[in-house]
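Here is how the chains run, residue by residue.
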Amino acid sequence: MITGIYGRERSMVIKVKKIGIAQMISIVFLICITGILSGCREDGKTDGKEAELTELIWYQVGESQKDDSMVLEAVNEYIQGEIGVKLNIVKVGWADYSQKMQVAINTDEAWDICFTSSWTNDFLQNVQKGAFLELDGLLQEQGRQIYEEIDGRFWEAAKVGGKIYGVPSEKEIGNSPMWVFTKEYVDKYDIPYKEIHTLEDLEPWLKLIKENEPDVVPMYLTKDYTAPTYMDKIQDPVGIEYDDDGLTVKNIFETEKMQAALRTMRKYYLEGYINKDAAVASDDKAVKRFVTKGDGQPYAELTWSKDLGYEVVVSQIMDIKITNASARGAMTAINKNSEHPEKAMELLNLINTDGYLRNLLNYGIEGVHWERAEAAEEEKEAVMGRKYAYDFKIKLKEDAKNYSVPYWVQGGLFRTYVLENEPLDKWIVVKDLNDASIEAPSFGFDFHLEPVSAQAAAFRNVLDEFGKALYTGSVDPDKYLPELNKKLEAAGIQDVIEEMQRQVDAWKAAGQ
C-alpha cells in the first residue's frame, strides 16, 4: 500500500512540469476536496485524529489473570473495527464482588455493564432498587439478534414486573445436582452408578467402600455441601416444593423430605462414611473419595476429571427443574446511568453472536493460549449442519494457565469451542436438555422482600450457626432442628412465610 501511494505521488510530480501554475493549483484544490470528502486515510485516522471510540467499563466477577491485558488488547482491536467500542474490563475477586458492586452502585461510580446473578451481585435486589436499565427497547434495536436466539425462558427469568433488566448467558437453564463418583472404585467394584439417584440409594455402596478401602472417604463433603433440596428456596430457607402445584410456602426445615435427608446424613456420619471435618472443610483435591455432590451440566464430569487429575463419572440426583434462581445463574446488566446504553447493548449482542470474539474472551489468543485440535470424522459427521457445532476442537497450551476465566461471566456458552477431551455435540446436548427441562411451579415468581427485609436478614446468622453442621450430619437433627426452628421463629420466619404466601397467591390469581 505504501508503494502504491508513493507511485501516485511520483507520477503527479512529473506531470507538474508540463502544466501551468493555474492548472497545478486546480489539481491541488481537487486533491484537498477529495481528501475532505473521503474523510479518512488508510492509517485509520480521520483528519489527522483517531476515529472517535465509545469507551465502556465492564465489571466482572473473577480473579485477575496474568494475560488479561494481552487478551483485552486483542479484543479491543477487534471490536473497535466492528462497533467502534473500546472496552475496559474491571475484575473483582469472588469474595469481594457483591460488596464492590454495591459500593459502585450506591456512590454513582461510572460503569456501563456488570455481571449479575441470583447468587452474587443479586439481580432482583438491584432491579428493585433501580440500579439496572430496562432493556426491552434496546433488545428490539441493538439486541434483536440475541433476543431472537436465546431461549425465551431465560428472557422470562430476566423480567421483573414484566420488563427485562438483564441479558442472560445462555447455558444450562435448570438446577442439575449430581453425585460425582471416582471411576476407579466404580470399575473396581462394578458399581451401577447410573442407577444411584437418591441419598438413600448410596448406602450399600458407601458401606462397601468403608469396609474395603480404608484410605478412602466414602462420602467426601465440605462446608459448602447442602443435602439434596427438592424445593425452590425463594428466600432461604423459605420456598415452595418442586411438586407442589398448590404453591404452599414452607420453611424447608419443616418439610418431610428435608427432615428425612438430615436424619440419613446423620446416620452416614455416625457410620463413618462422611469425613469428620465436613462442616468446616474446604475442598482438598488430595483427599481420596468415592462420592461427593456437584452441580453441573452434561459432560461436567470431563471438566471435573481434568481439575481433579483422575476420572469421575456422574448420576443425576433428581429431575431438572427451572427456577428463577437457576435461569438467573449468569446475566449481564446495563447501568441505569450509563451514558452509552446503545453501545453497551451492541457489545453484548456482538459477544453473544460472534464466534471469534466469544472465544477470544473465553479462551484467549489462538497460538498463545490454545490451538486447534482435529476431531474424529464420525463426530464431525454427526454434528454436520447443526447449530452450535464446530468441526474442530481445541487444545489448551501451557500459557492457558495465564488466562483462565469463568466462561459464563462473559456471555452464552453455546458458541464456545469444545476442548479436545469433550464431544463435538456438547452444546447441542445441553440445548436439547434445556428444551426438555421442566419449569418449577414457582418459576416466574419474584418475592418483594422489603416488607420483611429485617426478618429475612436475621436468617443468615441462624443458618450459619446450624446449617453446615446439620447438612453434613455432624450433629443430631432430632436435637438441633428444633433449636434451629426456634431461632428462625424468633427471627420472624412466620412473618416471611405469610408475606410470601400473600404475594404468591396474588401472583397466581393474576395468571402468573
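Because the structure is predicted, anything quoted here is derived from the model rather than measured.

### As for empty space enclosed by the protein
Step number 1: Taken as a whole, this structure holds four cavities of 30 Å³ or more when the rule is applied.
Step number 2: In this structure, the largest cavity occupies an estimated 110 Å³ of space.
Step number 3: Every residue along the wall of the largest cavity is listed here: Ile146, Glu149, Ile150, Glu170, Asn352, Tyr388, Gly412, Leu413, Phe414 and Arg415.
Step number 4: Along the lines of polarity and charge, the residues of the lining of the largest cavity split into five nonpolar, two polar and three charged.
Step number 5: What lines the second largest cavity is simply Pro228, Thr229, Tyr230, Met231, Glu241, Ile252, Thr255, Lys257 and Met258.
Step number 6: Of the residues that constitute the lining of the second largest cavity, the class distribution is five nonpolar, two polar and two charged.

### Here we look at the side chain of asparagine 126
Step number 1: Of note, asparagine 126 is situated in helix 5 (residues 123-128).
Step number 2: Within the local environment of asparagine 126, its side chain forms a polar contact with the side chain of asparagine 121, the two groups lying 2.9 Å apart.

### Side note on unusual backbone geometry
Step number 1: A cis amide bond links aspartate 236 to the next residue, proline 237, at an omega of 10°.
Step number 2: Structurally, proline 237 can be placed in the loop between strand 11 (231-235) and strand 12 (238-241).
Step number 3: For asparagine 121, which is not glycine, the phi torsion reads 50° and is therefore positive.
Step number 4: Counting through the fold element by element, asparagine 121 comes out in the loop between strand 5 (113-116) and helix 5.
Step number 5: Residue leucine 247 is not a glycine yet carries a positive backbone phi of 60°.
Step number 6: Structurally, leucine 247 can be placed in the loop between strand 12 and strand 13 (250-251).
Step number 7: For leucine 247, a relative accessible area of 1% translates into the label buried.

### Brief notes about the confidence of the model for the protein
Step number 1: Averaged over the protein, the pLDDT score is 90; the fraction of residues at 70 or greater is 90%.
Step number 2: Low pLDDT (under 50) marks residues 1-49, which in the prediction has 14 contacts with non-local residues, meaning those over four places away or in another chain.

### As for the sheet that holds strand 17 (residues 331-334)
Step number 1: Reading across from one edge, 4-3-5-17-8 is the order of the five strands in this open sheet, with mixed pairing throughout. At either margin of the open sheet sits one strand with a lone partner, and together these are strand 4 (85-92) and strand 8 (167-168).
Step number 2: Running at roughly 145° to strand 3 (residues 54-61), helix 4 (residues 97-106) makes contact with strand 3, strand 4 and strand 5 of the sheet.

### Concerning the environment of serine 437
Step number 1: Residue position: serine 437 is located in the loop between helix 17 (426-436) and strand 20 (438-439).
Step number 2: Sequence-wise, serine 437 and isoleucine 322 are 115 residues apart; in three dimensions their C-alpha atoms are separated by 6.8 Å.
Step number 3: Contacts of serine 437, omitting those with residues within four sequence positions, involve Arg153, Ile173, Ile320 and Ile322.

### Concerning the side chain of asparagine 434
Step number 1: Within the secondary structure, asparagine 434 is located in helix 17.
Step number 2: Owing to a relative accessible area of 2%, asparagine 434 belongs among the buried residues under this scheme.
Step number 3: A polar contact of 2.7 Å, which involves the side chain of asparagine 434, links it to the backbone oxygen of lysine 171.
Step number 4: One polar contact links the side chain of asparagine 434 to the main-chain amide nitrogen of isoleucine 173, over a distance of 2.9 Å.
Step number 5: Not counting chain neighbours up to four residues away, the residues in contact with asparagine 434 comprise Asp151, Arg153, Phe154, Lys171, Glu172, Ile173 and Phe414.

Reading the values: rules and limits
- Residues numbered from 1 in each chain as written.
- Predicted model: local features only at pLDDT ≥ 70, side-chain atom pairs only at ≥ 80, totals over all residues.
- Heavy atoms only, no water.
- 1 Å grid on protein atoms, 1.4 Å probe; cavity = no way out; pocket = protein on both sides within 12 Å on 5 of 7 lines; lining within 4 Å.
- Points joined across faces, edges and corners; volume = space filled by probe spheres on them.
- Nonpolar A, V, L, I, M, F, W, Y, C, P; charged D, E, K, R; others polar.
- Helix = DSSP H or I, 4+ residues; strand = E, 2+ residues; numbered from the N terminus.
- Polar contact = N/O pair within 3.5 Å; in protein donor to acceptor, adjacent residues only side chain to side chain.
- Buried < 20%, exposed > 50% of the residue type's maximum accessible area, 1.4 Å probe, protein only.
- pLDDT = per-residue confidence, 0-100.
- Contact = heavy atoms within 4.5 Å.
- Pairing = 2+ DSSP bridges.
- Axes fitted to C-alpha atoms, helices over the stretch in contact; angles between N-to-C directions.

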